[in-house]
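Structural description and commentary
Next come the chains, spelled out residue by residue.
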Amino acid sequence: MGKNLAIFFTISTILIAVIRREEIKVKGIVQGVGFRPFIYSLASKYNLNGFVLNNAEGVVIEVEGEKEILKKFILDIEQKAPPLSRIEKIQTKILHLTGYKTFIIKSSRGTMHRASTVNMVTLISADITICKDCVQELFDTNDRRFSYPFINCTNCGPRFTIIKDIPYDRDKTTMNKFKMCFLCQKEYDNPLDRRFHAQPNACPDCGPQVKLINNIGATSIFQSKETEAIKDTIELLKQGKIVAIKGLGGFHLACDAQNQKAVATLRAKKYREEKPFAVMAKNMEVIKSFCLVNKFEEKLLLSEKRPIVLLRKKGITLNPSLVILNKVKNLNISFRVNSAKNLVEDSSLTLRMTEGKIADGVAPKQKYYGVMLPYTPLHHLLFLQLSILVMTSGNISDEPISYKNEETLAKLKDITDYFLINDREIYMRCDDSVTRCFEDKEMILRRARGYVPEHIKLPVVRANGRSPLHILSCGAELKNTFCLARDNYAFVSHHIGDLENIETLTSFEQGIEHFKNLFYINPTVIAYDLHPEYLSTKYAKKLRTLNSKLLTVGIQHHHAHIASCMAENGITQKVIGVAFDGLGYGDDNTLWGGEFFVADFSGFKRVAHFKYIQMPGGTQAIKEPYRMAISYLYQIYGDNALDLGIEFTNKIDKKRWNGLISIIDKHINSPIISSVGRLFDAVSSLIGTRDKVNYEGQAAIELEMIADENCTAEYSYEINPHNSGLIIDPSQIFFGIIEDLKSNKEFSIISAKFHNTIANIIKDVALQIRERLGLNEVALSGGVFQNMLLLQVTLNKLRESEFRVYTHHKVPSNDGGISLGQTVIANAKINKL
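Within any chain, residue numbers begin from 1 and follow the written order of that chain's sequence. Given that this is a predicted model, residues contribute local features only at a pLDDT of at least 70 and side-chain atom pairs are listed and counted only at 80 or more, while totals for whole chains, interfaces and linings are drawn from all residues. Derived side-chain values reflect all non-hydrogen atoms in the structure, with water molecules and hydrogen atoms excluded from consideration.

1. Focus on the side chain of His809
Comment: elements are numbered from the N terminus, with helices defined as DSSP H or I runs of at least four residues and strands as E runs of at least two. Counting through the fold element by element, His809 comes out in the loop between strand E32 (804-806) and helix H24 (818-832). A relative accessible area of 18% places His809 in the buried class. For His809, the side chain forms a polar contact with the main-chain oxygen of Glu442, separated by 2.8 Å. Within 3.5 Å is the distance limit for a polar contact, defined as a pair of N or O atoms, with the added protein rule that one can donate a hydrogen and the other accept it, and that residues adjacent in sequence qualify only through two side-chain atoms. A polar side-chain atom of His809 sits 3.2 Å from a polar atom in the side chain of Thr807. Contacts are assigned to residue pairs that have any heavy atoms within 4.5 Å of one another. Discounting chain neighbours no more than four positions away, the residues touching His809 are Lys441, Glu442, Met443, Ile444 and Glu568. Throughout, exposure labels follow a simple rule: accessible area from a 1.4 Å probe, protein chains only, divided by the maximum for the residue type, with under 20% read as buried, over 50% as exposed, and the rest as partly exposed.

2. Overview of the pairing of strand E1 (residues 19-31)
The element E1 is largely enclosed, with a buried count of 11 among its 13 residues. As paired elements, E1 and strand E3 (residues 59-66) share eight bridges and run antiparallel to each other. Looking across to E3, one finds that Ile19 is bridged to Glu66. Strands pair, by our definition, only if DSSP identifies at least two bridges between them. As defined by bridge partners, E1 adjoins strand E4 (residues 86-95) across nine bridges and the pair is classed as antiparallel. Within the sheet, the bridge partner assigned to Gly28 lies in E4 and is Ile87. Across two bridges, the pairing between E1 and strand E6 (residues 123-124) is parallel. Looking at the pairing, Ile29 lines up with Leu123 of E6.

3. With respect to the environment of Asp487
Turning to its location among the elements, Asp487 is positioned in the loop between strand E20 (483-486) and strand E21 (489-492). Relative accessible area serves as the criterion here: at 21%, Asp487 is assigned to the partly exposed category. Taking C-alpha positions, Asp487 is 7.7 Å from His470, a pair spaced 17 residues apart along the chain.

4. Let's talk about the nonpolar core
What makes a nonpolar core is a set of buried Ala, Val, Leu, Ile, Met, Phe, Trp, Tyr and Cys residues whose side-chain atoms join them at distances within 4.5 Å. Counting 102 residues, the largest nonpolar core has Ile39, Ile61, Phe73 and Phe508 as its most contacted members. Residue contributions to this core peak at six residues, all from helix H2 (residues 35-45). Beyond its immediate chain neighbours, meaning those up to four positions away, Ile61 contacts Glu22, Glu23, Ile24, Val26, Ile39, Phe51, Val52, Phe73, Ile77 and Phe103. Membership of the second largest hydrophobic core comes to 80 residues, among which are Phe438, Phe610, Val676 and Leu790.

5. Here we look at the packing of aromatic side chains
Here the aromatic set is Phe, Tyr and Trp, taking the six-membered ring for Trp, and pairing holds for ring centres within 6.5 Å; pairs whose planes are under 30 degrees apart are stacked, those over 60 apart are edge-to-face, and all others are tilted. Under the defined criterion, the tally for this structure stands at 21 aromatic pairs. Here Phe35 and Phe38 contribute two aromatic rings whose centre-to-centre distance is 5.7 Å and whose plane-to-plane angle is 65 degrees, an arrangement assigned as edge-to-face. Of the two residues, Phe35 and Phe38 are both situated in helix H2; the distance of three residues between them amounts to about one turn of the helix. Assigned by exposure class, Phe35 and Phe38 land together as buried. Members of the aromatic cluster, each reached through a chain of ring pairs, are Phe160, Phe482, Tyr489, Phe491, Phe508, Phe515, Phe519 and Tyr539. The aromatic ring of Trp592 is capped on one face by Arg606, whose charged end is 3.8 Å from the ring centroid. The ring of Phe803 has Arg770 lying over it, and the distance from NZ or CZ to the ring centre is 4.0 Å. Here, a charge over a ring means that NZ of Lys or CZ of Arg falls within 6 Å of the ring centre while also lying within 35 degrees of the ring normal.

6. Structural notes on the pairing of strand E9 (residues 251-256)
The element E9 is largely enclosed, with a buried count of six among its six residues. As paired elements, strand E8 (residues 243-246) and E9 share four bridges and run antiparallel to each other. Among the inter-strand pairings, Lys246 is bridged to a residue of E9, identified as Phe251. Hairpin geometry of E8 and E9 is characterised by an intervening segment of four residues between the two adjacent antiparallel strands and by a positive phi of about 160 degrees at Gly250. Note: E9 against strand E14 (residues 388-393), five bridges, orientation antiparallel. Its bridge partner lying in E14, His252 is registered against Ser393.

7. Regarding the packing of H2 against helix H3 (residues 67-80)
Between H2 and H3, the least distance of the axes is 11 Å, while the angle of their chain directions is 140 degrees. With respect to the hand of their crossing, H2 and H3 are arranged in right-handed fashion. Where H2 abuts H3, its residues Phe35, Phe38, Ile39, Leu42, Ala43 and Lys45 lie against Phe73, Asp76, Ile77 and Lys80. Residue composition of the contact of H2 with H3, grouped by class: seven nonpolar, no polar and three charged. All axes are obtained by fitting lines to C-alpha atoms, using only the stretch in contact for helices, and the reported angles, taken between N-to-C directions, cover 0 to 180 degrees. The handedness criterion is simple: a crossing whose near helix is rotated anticlockwise from the far helix by less than a right angle is left-handed, and one whose near helix is rotated clockwise is right-handed. As a working rule, the residues Ala, Val, Leu, Ile, Met, Phe, Trp, Tyr, Cys and Pro are called nonpolar, Asp, Glu, Lys and Arg charged, and the rest polar, with Gly in that last group.

8. Focus on the environment of Leu795
Within the secondary structure, Leu795 is located in helix H23 (residues 788-800). Put simply, Leu795 and Tyr806 are 11 residues apart on the chain and 9.3 Å apart in space, counted from C-alpha to C-alpha. Contact partners of Leu795, with chain neighbours within four places excluded, come to Phe438, Glu439, Leu780, Val805 and Thr807.

9. Some words on unusual backbone geometry
Residue Pro453 is bonded to the preceding Val452 through a cis peptide linkage, with omega at 15 degrees. Following the sequence through the fold, Pro453 ends up in the loop between strand E17 (441-446) and strand E18 (456-457). You will see that Asp440, though not glycine, has its phi angle at about 60 degrees, which is positive. Examined against the element boundaries, Asp440 turns out to sit in the loop between strand E16 (434-438) and E17. A positive phi angle, near 45 degrees, is found at Asn669, a position not held by glycine. The residue Asn669 is located in the loop between helix H18 (654-665) and strand E28 (672-673) in this model.

10. Quick notes on the pattern of salt bridges
Each reported salt bridge corresponds to a side-chain nitrogen of Lys or Arg within 4 Å of a carboxyl oxygen of Asp or Glu. Overall, the coordinates contain 43 salt bridges when judged by the stated rule. Notably, a salt bridge pairs Arg606 with Asp588, separated by 3.7 Å at the nearest N-O pair. Of this pair, Arg606 sits in strand E26 (residues 603-610) while Asp588 is found in the loop between strand E24 (575-585) and strand E25 (591-600), placing the two residues 18 residues apart along the sequence. The exposure class assigned to Arg606 is buried, which follows from its relative accessible area of 14%. Accessibility expressed as a relative area gives 35% for Asp588, which makes it partly exposed. The shortest N-O distance in the salt bridge between Glu595 and Arg606 comes to 2.5 Å. With Glu595 in strand E25 and Arg606 in strand E26, this residue pair connects regions lying 11 residues apart in the sequence. One network of salt bridges, in which partners are shared, links Asp133, Glu137, Arg194 and Arg195.

11. Quick look at the side chain of His609
Position of His609 among the secondary structure elements: in strand E26. His609 has contacts with Gly594, Glu595, Phe596, Ser674, Ser724, Leu726, Ile727 and Ile728, leaving out every residue within four places of it along the chain.

12. With respect to the sheet that holds E20
In spatial order, the strands read E18-E21-E20-E19-E22-E23; together these six strands make up an open sheet with mixed pairing. The open sheet terminates on both sides in strands that have one partner only, identified here as E18 and strand E23 (551-555). Sheet analysis places E18 next to E21, joined by two bridges and oriented antiparallel. Counted as the bridge partner of Ile456 is Ala490 from E21. Across the sheet, helix H12 (residues 502-518) is in contact with strand E19 (471-473), E20 and E21; its angle to E20 comes to roughly 20 degrees. Lying on the sheet, H24 is in contact with E18, E19, E20, E21, strand E22 (525-529) and E23; it crosses E23 at an angle near 120 degrees.

Shown next as structure tokens:
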């Protein structure tokens, strides 16, 4: 008996030593991406008992098992996590054994008081394109979700745009009004099902529905079934009609991209004269018929983010015999045709292009198209019998994208002929993202759907043991984003737009409140641009008047540009910062835009800039670039400018010329600027490319578009020392341009020489700064560096001189990245106090 007891206690001791209970906390994007069913399956694989749940921090797991098995379990979590998840951190802690008998998925914990969540950050997934499995089911006539435009699963579908609060559970999304049917609930409750806890889970019997109505609010006469509404929409688009289509983050205005009249009508009704439209193409075969596509661009197009990608025009017509039966070649899917259903291919299983040419009005005077692929089930259904559609933001120009049904019906009824709406509410509007490939890397131009609200990791958190700062950065005015940050997480918002009207300001304010709620951020520091008239600046100062405990930090515009480039590249040491853009408020009360800094997060010194010039008429000169051409000619040639004998001066209205010279001489509404953006405008007008613009940056963009990319010639210029630093005088550039114009040089050559000269100036100034200060790192930022020709030539010249150069990839180099720069600067400044 005594011997048996001894054996029993020995075995028990060994088991206690080997079996252990661990708590595992996983932080990152781990909610709404199939993480809990993944953990459930993993626990089943290793015969572990315990539980997994969502909470306000991420995912919490408790498991009991042998030590070595638990090691393998954790390693699999790290290495085999669901593809849409992003693990930031895994924390483990050994606990006392409980004796779990099974492994279960527990309901979420999200009811803790806000005050107890000071150290919690829940990372939320962006909206995700429809997955391969759902596409397969969408076109499977035997599937109960055949042709259902809201099919989704744990691996795809809406996320950010439907979330009201966290944890990410159905009752905290806009799907809360749709009670799941028995079959959907069964899927939702089954840990081994692909739709386990897929919050937007639905089917035709219990989920959202689409409806087609005309622009006076009457339901389509064909509207009896959901599939009829989609079928009718296809026919209307084929007929050249404009249809407002509700998507993930708002409405698109859609029309046939090959129909010249439809495209022209949309432009006229939307008051969008020349700014390029985005297009959505059926598949990669169609895209490759009108665009040049490299492997990296194809990867971007097919990614789960499905952004608009800028692609080089091919310059040839589309193949009219292209078979575009959507077999979704990359997914290896074949469709079965069922005559009992409405949404099937036509009898010939082909759709032939009408003459095979994209309308000239889609992207006039451009070398690029903005192209995306279908990313929702509804898109895939529409493209069963369509090939290329214009899909532009559903808004009145200068307003944010429309996203509410009633509001959209009222605002867009004079633009669109029909509305394809649905009853799944969008909680947070979100535009399409725009990106491009540069040197085999992604370069974000507009960060929104598919990317937001993913965070950007900050290189600096805090100093001197201080508590983490909660920072709100209000961004700039044009292409506004805001940024909320805590610890080393920066949450840069989706593209808000130009803060120039009450509608956009309201969207800005609503977005801030939503982000504060989602990420448990209660800002104690407010960062803003120095420009006193920006609505974002006024908003920041209003917050301070409402709460005197808030710390406010005004941040120079171009310092924020450089800091944003540094932050996304993880750079903290001093750099040579080159910030070229349209305008930004300087700390000497002039308007800057052609700047060379020595900068880090805590401060900057302006070491060089372009020579000051007056901008006659203020902001009117942005809309009418010829004003800047006159200002430069008058500054350089004085009263002799009209005698240059070039077309620009010959055709100019003398009364208008004298009027502008008068306000320049009297310094009336003619602010002093150092802007490279306005210099581009002046040259564009001078050579006859663009005298007046219909959208921001048009003159400079079209100047880039005409440049001869094979030309390596340059103009002369002067870099002169001054007590405030180096001054770049572009007078010699204009001398050279005037001579070329008199010699009838091609405009493409003049444009190329100008681009090459600006790049050479950057290199020469950087060399002088390096010689004096020993700095070898250069950060390039500002909207001018979205000019791909200038950027490439500049990089080549700097690299030839052995500089290490940093550019933007994660946030835009334009003002869409300003809020990130404001955040890291505010953090550095406050921590120095």
